[in-house]
Amino acid sequence: KRTLPDLKCVTNNLQVWNCSWRVPSGTGRGAAYEVCIENRSHSCYQLEKDIKIPPLLPGDYEITVNPLYGFGSSKSKFILNEKNVSLIPETPEILNLSADFSTSTLHLKWNDKGSVFPHYSNVIWEIKVLHKKNMEIVKLVTYSTTLNGKDTVHHWNWTSDMPLECAIHYVGIRCYIDDPQFSGRKEWSNWSLLKNISWPPDSQTEVFPQDRVVLAGSDITVCCVTQERVLSAQIGSTHCPLIHLDGENVAIKIRNISASASSGTNVVFSVEDNIFGTVVFAGYPPDIPQKLNCETYDLKEIICTWNPGRPTSLEGPRSTSYTLFESFSGKYNRFSGNKVSTNESYQLFFQILSNQEIYNFTLNAQNLLGQTESTLLINVTEKVHPRIPTSVKVKDINSTAVTLSWHLPGNFTKIKLLCQIKINKTNSEHELRSVTMRGVESSNYLTTVDKLNPYTIYTFRIRCSTDPFWKWSKWSKEKQYLTKEAIPSK
Amino acid sequence: ATGKCSGKYHELLLQLQRQADLMQNPSTLLDPYIHLQGLHSPILKGSCMERLGDFPSEDVLWRLSRQDFLWTLNTTLGLFLRMLSALQQDLPKAAQQQAEMNIRGLGNNIHCMAQLLRGSSDPEAAEPTRPGPGPTPPPPSLPMLPLDTFKRKLRICEFLQGYHRFMRRAGQVLRGWGERQGRNRRHSPLRGLQRA
């Protein structure tokens, strides 16, 4: 038994086998055959030179080919096996190709026509991107999906390192069905028709990308789309070799770009009597906010401070934005720094919420190149850094005792204050006394200072902290006072 | 304008000339800007030329009566001051603040000179009419700044260049007030202004 010469069986979807063979020379036109397959149902078909048959289970099947009319050949018997069949998927079709020129990103959309496939199968898609100039493949990528019996639309995005405006970009796709149950040969489909994307032709010379923010140290391609002959190109003051694209369009490839100054890095193309250019902002993603500290002066408002860490080289509208988020309350506050220098600390305020002592802060730092965050959990009553005591007053009690009063702004009614009184006598001998007291609504505080010497000039200063302790306030201004004369003893 | 005015014409004129000379110097504003924006390569500096129409031309300035010249100078610099504050993000802070102070200082003296001329008997100085036969100066306007950064940088450079060139032209006219005797130009000499 022979296999039919040049018998070629192909299937697109494992549901139908298209078998065709080369008709022996000398056979007249319109020759017809009856082809019978010895399988369970002994099915026969009348046909000319190709046959569509349902898929046969693995194994050898005897095929009888009986010429009906025409002349020159006799009945023949052949063997057909799945192994001789090729699985060549249908040529895929691109549904849509679009571009986001601002990010130089191509968006590809296609339908896998999985509904025509009998069962789950792995599919490998190969996608190619070409430039028009010489149809050079600039990107070849494989992308795997699974056929699941339904038509599924797939998306693929690709960010070109050359701005899409610089050249016409063409995209094609083909696929390979890796069906484990199929024992025949598996081959790639044909390439789809190419779809293309181009920047609307404009007589004006333009440089792309415009105002792009890139990571310092990365490579970037900048191009000049023009009808005029470009004489030279430079980044900053460094000249670059021109890469010629379509027509008069040219590009330059900048490798390992250095971090920009705050005003960005100028890239300039010169034509006969004019120049065109763009500005590239090469910088860094924000550093993790450092030394994040949150405290309160008055238990009314929390102030969080931090250090931005490494400068990003990105300023103004591209500078790092900070968001302070508190998870229990879900509230947040935002800060956009304009000028950044290494050791300048930043701050944000957060209103203290009634009946909430624990605050779980996340400080998020974000710019166009990335984001980072720091977290801090505090009990706000343990982070009180009182303000400077003010309005210090002294009143006589007697010649050896006075009352000291001061004002300490803050909502301290629920906590205890620990204050220190520095008592200086003129001969620079000084004494430190501590006093604890409950916080009061009025923020005015009073204490007695005894065991003083009569008719003596004292200088009083006060500072306060809280219990539990976090930080001392600064010392108040000095308050000088002359104690009363003692009553002469009889 | 604030501050006391000097009643001495020559003293005031000399002060105006000095201020104009200071303000026409690119090192006071344009050069720091060029440095900050990285425009110091020859090819970029070469394209930073004054754009016609940004500031009144020399021809216009020469044909104005002295009162109208002072008005044009003051109005133009007032608009430039507004532009400076709109360009804060683009300009070096120190140079911008210095330029603002220079402009305010000049404004004071413009006010004093205008007041002096109003009080003087010189028909030319006190000419009530708007600009004489010379073309009416186009009302100065702020340039529209392009969106993309590179074109914006160059446009601001042109505008600052124009400011310095305008101050040079103004300085020349002010010197013309002082120098020319008896010639039949609008800016003829002082005649009735020899007050102490």
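Computed from a prediction, not measured in an experiment: that's the story for all the values here.

Draft legend 1. How the structure looks around the pattern of salt bridges. Under the counting rule described, the total for this entry stands at 23 salt bridges over all chains. Of the charged contacts in the structure, one is a salt bridge between Arg175(B) and Asp21(B), with a shortest N-O distance of 3.2 Å. One end of the pair, Arg175(B), is in helix 7 (residues 149-179); the other, Asp21(B), is in helix 1 (residues 9-23), and 154 residues separate them in sequence. A residue is classified by how much of its surface remains accessible, and Asp21(B), at 33% relative accessible area, is partly exposed. Each of Glu431(A), Arg433(A), Asp450(A) and Lys451(A) takes part in one network of salt bridges that share partners.

Draft legend 2. Looking closely at the environment of Ile156(B). Residue and element names in this part refer to chain B. Assignment of secondary structure puts Ile-156 in helix 7. Placed 128 residues apart in sequence, Ile-156 and Thr-28 show a C-alpha to C-alpha distance of 15 Å. Once you skip the residues sitting within four places of it in the chain, Ile-156 turns out to touch Tyr-33, Leu-87, Asp-90 and Leu-145.

Draft legend 3. Examining the interface of chain A and chain B more closely. Counting residues at the interface gives 20 residues for chain A, matched by 16 residues for chain B. Where chain A abuts chain B, roughly 1200 Å² becomes buried across the two surfaces, and 54% of that area is made up of carbon and sulfur atoms. The three residues of chain A that bury the most area against chain B are Ser263(A), Asn266(A) and Ile275(A), which together make up 39% of that side's buried surface. Counting across the interface, chain A meets chain B through one salt bridge. A salt bridge links Lys151(B) to Glu206(A); the shortest N-O distance between them is 3.1 Å.

Draft legend 4. Spotlight on the confidence of the model for chain B. All names here are of chain B. The share of residues in chain B with pLDDT of 70 or more is 78%, and the mean pLDDT across the chain is 83. Taken element by element, the predicted model of chain B shows its lowest mean pLDDT in helix 4 (residues 58-62) (89) and its highest in helix 2 (residues 30-36) (97). Below a pLDDT of 50 lies the segment residues 126-132, which in the model reaches eleven contacts outside its immediate sequence neighbourhood of four places, other chains included. Here residues 188-196 is modelled with pLDDT under 50, and outside its nearest four sequence neighbours on either side it reaches 27 contacts, counting other chains as well. In the predicted complex, the global pTM is 0.80; the interface-specific ipTM is 0.81.

Draft legend 5. Geometry of the sheet that holds strand 35 (residues 416-425) of chain A. Residues and elements named next belong to chain A. Taken in spatial order, the four strands line up as 36-35-38-39 in an open sheet, and their pairing is antiparallel. Here the strands that pair on one side only, and so sit at the sheet edges, are strand 36 (430-438) and strand 39 (479-482). In this sheet, neighbouring strand axes are inclined to one another by 30° on average, regardless of whether the strands run parallel or antiparallel. Pairing of strand 38 (residues 457-467) with strand 39, which is carried by four bridges, proceeds in the antiparallel orientation. Paired with Thr-459 across the two strands is Gln-480, which belongs to strand 39.

Criteria and cut-off values
- Residues numbered from 1 in each chain as written.
- Chains lettered and ligands numbered in written order.
- Predicted model: local features only at pLDDT ≥ 70, side-chain atom pairs only at ≥ 80, totals over all residues.
- Heavy atoms only, no water.
- Salt bridge = Lys/Arg side-chain N within 4 Å of Asp/Glu carboxyl O.
- Helix = DSSP H or I, 4+ residues; strand = E, 2+ residues; numbered from the N terminus.
- Buried < 20%, exposed > 50% of the residue type's maximum accessible area, 1.4 Å probe, protein only.
- Contact = heavy atoms within 4.5 Å.
- Buried area = accessible area lost by both parts, 1.4 Å probe.
- pLDDT = per-residue confidence, 0-100.
- Pairing = 2+ DSSP bridges.
- Axes fitted to C-alpha atoms, helices over the stretch in contact; angles between N-to-C directions.

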